[in-house]
Amino acid sequence: MGKWDHLDRDQMIVKLEALLSENERLKAEIARLRGVKPPVSGSMESMSTKLKEALRE
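All figures in this text were calculated on a predicted structure; none of them were measured in a lab.

This part takes up the overall build of the protein. Helix and strand counts for the protein stand at two helices and zero strands. By residue count, 2% of the 57 residues in the protein fall in the buried class. Approximately 5,500 Å² of the protein is accessible, and the part contributed by carbon and sulfur atoms is 60%.

Structure representation (structure tokens):
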């Protein structure tokens, strides 16, 4: 465990519960971000798309 060696059992349980709570929060945030669509504007175009359009002109 390394840096947690100085903690007693009750302190470790509190720390573990805090980490589990943070883990669940992060999972929810990841799920939310996966559902976000990129903006429709042209600012998100890839470089290859911009090059293809330039070559067409």
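Across its 26 residues, helix 1 (residues 9–34) extends 37 Å between first and last C-alpha, which sits within 8% of the 38 Å expected from 1.5 Å per residue. Looking at where helix 1 begins, the residue whose side-chain oxygen comes 3.3 Å from the main-chain nitrogen of D10 is D8.

Within the structure shown, the criterion is met by three salt bridges. For the salt bridge of E24 with K27, the shortest nitrogen-to-oxygen distance reads 3.6 Å. Of the two residues, E24 and K27 are both situated in helix 1; the distance of three residues between them amounts to about one turn of the helix. Since its relative accessible area comes to 48%, K27 is described here as partly exposed.

The rules we used
Residues numbered from 1 in each chain as written. Predicted model: local features only at pLDDT ≥ 70, side-chain atom pairs only at ≥ 80, totals over all residues. Heavy atoms only, no water. Helix = DSSP H or I, 4+ residues; strand = E, 2+ residues; numbered from the N terminus. Buried < 20%, exposed > 50% of the residue type's maximum accessible area, 1.4 Å probe, protein only. Areas by Shrake-Rupley, 256 points an atom, 1.4 Å probe, with all protein chains shown as cover. Expected span 1.5 Å × (residues − 1). Polar contact = N/O pair within 3.5 Å; in protein donor to acceptor, adjacent residues only side chain to side chain. Salt bridge = Lys/Arg side-chain N within 4 Å of Asp/Glu carboxyl O.

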